[in-house]
Amino acid sequence: MLKDTLNKILDMAVQKFGAEYAEVRAQKLFKTMLTIKEEKVEAAKEGVENGAALRILVNGAWGFASVGSFDSETLVNAVSSACKMAKAASLKLKNPIKLVESKAIEDRVLAKPRKDPSKTPIEDKIGTTLAIAKTVLRHDSRIKSCTIDYLDLVGTSCFMNSEGTYIEQEKLYVWARIFVTAKEKDIFTFSREELGSTAGYEIFDVETPETVGERVAKRAVDQLRAKTPKGGTFPVVLGPNVVGVFVHEAFGHLAEADLTLSGSVLMDKLGRKVASEVVTIYDDGTVEGAFGSFKYDDEGVPAQKTLLIKDGVVVGLMHNRETAQKFNTQPTGNARAEDFRVEPIIRMRNTFMAPRDYSFEELIEDVKFGYYFKSFRGGQANLDGTFQVGVQEGYEIVKGEIGMPVRNASISGNTLETLHKVDAVGRDFELWPGRCGKGQTAFVCDGGPHIRVSEVLVGGGA
Amino acid sequence: MAALKDEEIISLAEAAVKYALKKGADEAEAFAYEGLTTTVAIERRQISKSSRIIDRGLGIRTVFKKAVGFSYTNILTDKAAIEEAVLKSLKSAKASRPDKEWQGFPCKKPLADVKNTFDKRICDLSSEELVKAASTMLEVAEKTDKRVFPVEGGIGASYLSKAIVNSNGVTSFDCGTLIECSLATVAQESGEVTPICFEFNLERIYKIDPEWVGAEAARQATSSLKARRVETKSMKVVFAHFALQQLLCYTLMEAIKADSVQRNQSALKGKIGEKVASDILTVYDDGLLEGGLRTWKFDGEGVPQQKTPIIRKGVLEGFVYDNYSARKEGKESTGNAFRAGYPSTPKVEVTNFHIAPGEKSPEELIGEIDEGLLVYSLQGAHSSNPASGEFSVVATPAWKIEKGRITHAVKGAMLAGNVFDAIKNVSELANNERKIWQLVAPWVLVENVKVIGK
């Protein structure tokens, strides 16, 4: 019945308002959220939201409308509003927007969790998160606080467009973030970690409360005895978690075709060498159960494994149907919208550097003095290729061996210069879940092996 | 689509609270929200998108034997959906664990008076008018210099309304407007791309200047070209508005939240009455600031917002509280419970974090600096350590100041330090106060900041 209504409003967009293209996403989402502070449940939360997003191309400009209802009258109003918005936007248009062709698809995608979070009682979720908090707080008396946010989201997203595509996709996400602080005299440290999966609640069978709690707590406590790094240029070995954020922030955003077109430093680099030949980077929407995976994106395009850098050469970008048309290429399935309140934009999925052949020992053995950065705290990049990655767990490397922990370090530089300085790539591999902000939030993973960078600017403490 | 009437939105909240009590909740609170937003977006040198977003919903907190449950729904047309949300909230409360320190929802108090938070002209703007303003902004930016490339931006007009009802007699309604015009640009010349330069106007009343935003975003981009590296050394740094907002919101603003203090996450704990900052620094959290971006009659729990002294002439005077953290200390809430929307529960946040301005013009301030940096924006501020105040960030865009003049753009300069040292080292405040989201402040000069250049 919903399908008929959606069909009707898309017909209206095309026939009554003369739209070149129209799409609608109707979603119903159920969320469970918990906030734990120390061993206290601040609030147990369960909510439901539903709504429809209409995106319509008229006279080469986009109109978008979002409403929190599937009611037929509301949707009819929304489609007329979206068309009106598109016409207003087209008033000053210089280059009309066109979409690359995309095959019409009809499909129904079911989530197949081993443990369905929507069937897991909220008492169990409270129990699991409190067990993490308990592990953290029992770890050491210098641990002062532990905040845990938990979220699971299940629901259905129906996508239909005026070209014959109709996809019903079940959504499933389980996510938690643990934030721990420790204090000794005047020294404050903190440590954070995120878990995330599209497989199911079974993530806690592997990442048990004890494993996760110990890991986060130990890091906060270890930093209490850490020293601040010297500022300056040093060789560094980066762990998979830091490589991930580097690949995502410093390189990935520049390879989102909308940002490339906006003048990112990759603009005229397609087919050119931008990194040392040991660097190969993918953005992959198909890793089973990974936090950034899905079958179809929010334009109805199948997700795929997209090769971005092959042996140091840029071979691809991440596209939606609009940018793919501009680059005369295929869409890559990177158009994602956080929910029905927002339009799809180009986002990463699971972004990583491919492993090669070094062992960890081989990576560090030739470093006389440098740093090993194991876990990141945050990262950010700019279109000109300037990046910054803050480090929450790092160590000195002295004469080829891991030394004292360092606190409050960060690395910065120019992405392309730094990619050229990657001189060895490890053979291990890890993917880490996270959330990426680009006006809206997307669930992603990033990762890779351990790597060595011959030199990078390290920002030290005060 | 027309906005819901005051009575309609209040009665939704009232009905939810009444139903919760009927179903056995010890206490209940409902937050009803409506947001109507129209935007016109600029993408890569042209206006190519426009949107209309209608978002309504209701969040309900219930308490059962001192355990708090919450639920929300955006299905408001259906009484059964609201009742289901109430039941879910109560079910969550029953599944949760009691909190011995829970001392109830706030009680009714007279609401505060606020000025310039609503402007009917913003509600009445048509998308054609927004397109016209956006197009003016774009044309000005492009006309300034042909090396300028407007990346993204646009104009957005919003109407927001909210009601809070609780079982202690609170029944409050407020509505307001927001209008924003913004432009992000880069400049490109012979292979060099500048960092993103961002400028905006964000106001509660219809008083924006798209031409200024366009011209200023373009000016910043062209003057960011030909950037050079700087030497590693400690020097004076002028934090312009955005950079200051980025630096403080992950550190100092965290440290003054009662929740952080009570949970040993604040370096300011136990320092009330002590000197924590430079003599010239005076800060209020001003929830009533005229036209303030976070000015409302009441906070996320229905408590009247107020003006709270935080730092007076360098001495720490107080923290900001929501109802829970205040009652824990036997105090009254300062009206700092913040809701990110109806799908979430309130948490402690600053309202308008107001740093009192100084007397010097920005030109005079720069004129007295022998060697330093002028920093417009920071990259990586979110990776600061909120507990210790340590930061290690990239200054971009930024310019070198030599002998009282801005000489050239700077690239790749990192700033490292501790925000609690930085506020002690503030030596000058300019007179150019501006609202940047939750911060209202002038340019601030900090002595002796470690700059890592090459």
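Being a predicted model, the structure only gives us computed values, none of them experimental.

Time to look at the sheet that holds strand β14 (residues 350-353) of chain A. All names here are of chain A. Ordered by their spatial adjacency, six strands build an open sheet running β11-β10-β9-β14-β21-β20, and the pairing between neighbours is mixed. Looking at the sheet topology across the chains shown, the edges are occupied by β11 (313-314) and β20 (430-437). Here strand β10 (residues 305-310) pairs with β11 via two bridges, running antiparallel. Note that in β11 the partner of I309 across the bridge is V314. Relative to strand β21 (residues 441-448), helix α6 (residues 240-251) is tilted by about 125°, and along the sheet it contacts β9 (281-284), β14, β20 and β21.

Next up on the list: the interface of chain B and chain A. At the interface, 69 residues of chain B touch 71 residues of chain A. A per-element tally of the side of chain B that touches chain A places strand β2 (residues 46-64) of chain B first, with twelve residues. Grouping the amino acids of the side of chain B that touches chain A by side-chain chemistry returns 25 nonpolar, 31 polar and 13 charged. Pairing between strand β2 (residues 40-58) of chain A and strand β3 (residues 67-73) of chain B: five bridges, direction parallel. Bridge pairing links E46 of chain A to S71 of chain B in β3 of chain B.

A separate point is the domain arrangement of chain A. Residue and element names in this part refer to chain A. Here chain A is described as being made up of domain 1 (2-225) and domain 2 (232-459). For domain 1 versus domain 2, the separation of C-alpha centres amounts to 22 Å. Each partner contributes to the interface: domain 1 provides 35 residues, whereas domain 2 provides 27 residues. Elements supplying a minimum of two residues to the side of domain 1 that touches domain 2: β1 (21-37), β2, β3 (61-67), β5 (143-161), β6 (166-184), β7 (187-197) and α5 (209-222). At seven residues, β7 tops the list of elements feeding residues into the side of domain 1 that touches domain 2. Along the lines of polarity and charge, the residues of the side of domain 1 that touches domain 2 split into 14 nonpolar, 13 polar and eight charged.

All names here are of chain B. Taken in spatial order, the six strands line up as β11-β10-β9-β14-β23-β22 in an open sheet, and their pairing is mixed. The sheet terminates laterally at β11 (315-316) and β22 (434-436), the two strands that pair on one side only. Examined bridge by bridge, strand β10 (residues 307-312) and β11 share two bridges and lie antiparallel to one another. Bridging across to β11, R312 finds its partner in V315. Taken strand by strand, helix α6 (residues 241-249) contacts β22 and β23 (439-441), and its axis lies near 130° from that of β23.

On average, residues of chain B score 96 in pLDDT, and 100% of them are at 70 or above. The ipTM value of the predicted complex is 0.95, and its pTM value is 0.96.

Here is what the cut-offs are and how they apply
- Residues numbered from 1 in each chain as written.
- Chains lettered and ligands numbered in written order.
- Predicted model: local features only at pLDDT ≥ 70, side-chain atom pairs only at ≥ 80, totals over all residues.
- Pairing = 2+ DSSP bridges.
- Helix = DSSP H or I, 4+ residues; strand = E, 2+ residues; numbered from the N terminus.
- Contact = placed C-beta atoms within 7 Å.
- Axes fitted to C-alpha atoms, helices over the stretch in contact; angles between N-to-C directions.
- Nonpolar A, V, L, I, M, F, W, Y, C, P; charged D, E, K, R; others polar.
- Domains from an automatic or database assignment.
- pLDDT = per-residue confidence, 0-100.

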